[in-house]
Amino acid sequence: MSAKIPRNFRLLEELEKGEKGLGAEACSYGLTDGDDITMSEWNGTILGPPHSVHENRIYSLKLHCGPNYPDVPPVVQFLSKINLPCVSQVDGKVDPSKLACLAQWRRDYNMETVLLEIRREMATGSNRKLPQPPEGTTY
């Protein structure tokens, strides 16, 4: 059995990776407020996948890592309007039951896992052709 990394150490690792750009090129993330000692509120960005209606679009999201993260997934909400089956058209919140990595959350997943999974959803069969709200509109 491996040692359980405390929440703050885990979030510091994610912050360092996000700030140094060591993650996937199509996604980025960082603290909303650098003075947030609880490291709870994060911003995320997803570049729309190529060969889809999302191509050349930049989507902004917010992520909330509660006190039980990484044992429970972050709450994810789009700020940019998007039409995807897993996203509420009312407030932009991602429905955890409709996104595999949130529905089957594991402690070794992280914010990058979530952002990349959403990006993959954008590129899947029918989702890649869904009509989208005008670029630049927000919830």
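Thresholds, definitions, all that
- Residues numbered from 1 in each chain as written.
- Predicted model: local features only at pLDDT ≥ 70, side-chain atom pairs only at ≥ 80, totals over all residues.
- Heavy atoms only, no water.
- Buried < 20%, exposed > 50% of the residue type's maximum accessible area, 1.4 Å probe, protein only.
- Helix = DSSP H or I, 4+ residues; strand = E, 2+ residues; numbered from the N terminus.
- Pairing = 2+ DSSP bridges.
- Salt bridge = Lys/Arg side-chain N within 4 Å of Asp/Glu carboxyl O.
- UniProt positions renumbered as here; feature names shortened; annotations may be inferred.
- Phe/Tyr/Trp six-rings, centres within 6.5 Å; stacked < 30°, edge-to-face > 60°.

Going by the annotation in an unreviewed UniProt entry, the name recorded for the chain is Ubiquitin-conjugating enzyme/RWD-like protein, with Lipomyces tetrasporus given as the source organism.

S.K.: What exactly am I supposed to notice about the pairing of strand β3 (residues 58–64) here?
M.R.: One face of the sheet, then the other: side chains in a regular strand alternate in exactly this way. Only one face of β3 is buried, namely the one carrying Y59, L61 and L63, since none of I58, S60, K62 and H64 on the opposite face is buried. Bridge count for strand β2 (residues 41–47) against β3 is seven bridges, and the pairing is antiparallel. Paired with T45 across the two strands is S60, which belongs to β3. Here four bridges tie β3 to strand β4 (residues 75–78), and the two strands are oriented antiparallel to one another. From the neighbouring strand, H64 faces β4, where its bridge partner is V75.

S.K.: Could you clarify how one ought to interpret the pattern of salt bridges in this entry?
M.R.: Side chains that differ in sign of charge can pair as their charged atoms come close. Scanning the entire structure with this criterion turns up six salt bridges. The residue K4 makes a salt bridge to D71 at a minimum N-O spacing of 3.4 Å. Linking K4 in the segment before α1 (7–19) with D71 in the loop between β3 and β4, this pair joins segments that are 67 residues apart in sequence. Judged by relative accessible area, K4 falls into the exposed class, the value being 58%. The partly exposed category is assigned to D71, whose relative accessible area is 40%. Between E117 and R120 there is a salt bridge; the shortest N-O distance is 3.3 Å. With E117 and R120 both in helix α3 (residues 111–123) and three residues apart, this pair spans about one turn of that helix. Among the ionic contacts, a cluster of salt bridges with common partners joins K4, D71 and R107.

S.K.: What is the right way to look at the UniProt feature "domain: UBC core" (unreviewed entry) in the chain in this model?
M.R.: As annotated in UniProt, the feature "domain: UBC core" (unreviewed entry) corresponds to residues 6–139 in the numbering used here. A distance of 34 Å separates the end C-alpha atoms of residues 6–139, which is 22% helix and 17% strand.

S.K.: Help me understand the packing of aromatic side chains, please; the structure alone is not making it clear to me.
M.R.: Any pair of aromatic rings gets described here by the distance separating the centres and the angle formed by the planes. Tallying each qualifying case throughout the model produces four aromatic pairs. Centroid distance Y29 to W42: 6.5 Å. Interplanar angle 45 degrees. Geometry classified as tilted. In this pair, Y29 is assigned in strand β1 (residues 27–31) and W42 in strand β2, connecting sequence segments 13 residues apart. With a relative accessible area of 8%, Y29 lands in the buried category. For W42, a relative accessible area of 0% translates into the label buried. With a centroid separation of 6.1 Å and 45 degrees between ring planes, the pair formed by Y69 and W105 is classed as tilted. On the criterion of sequence distance, the pair formed by Y69 in the loop between β3 and β4 and W105 in the loop between α2 (100–103) and α3 is long-range, its members being 36 residues apart. Overall, the relative accessible area of 1% leaves Y69 in the buried class. Pairwise contacts between aromatic rings join Y69, W105 and Y109 into one cluster.

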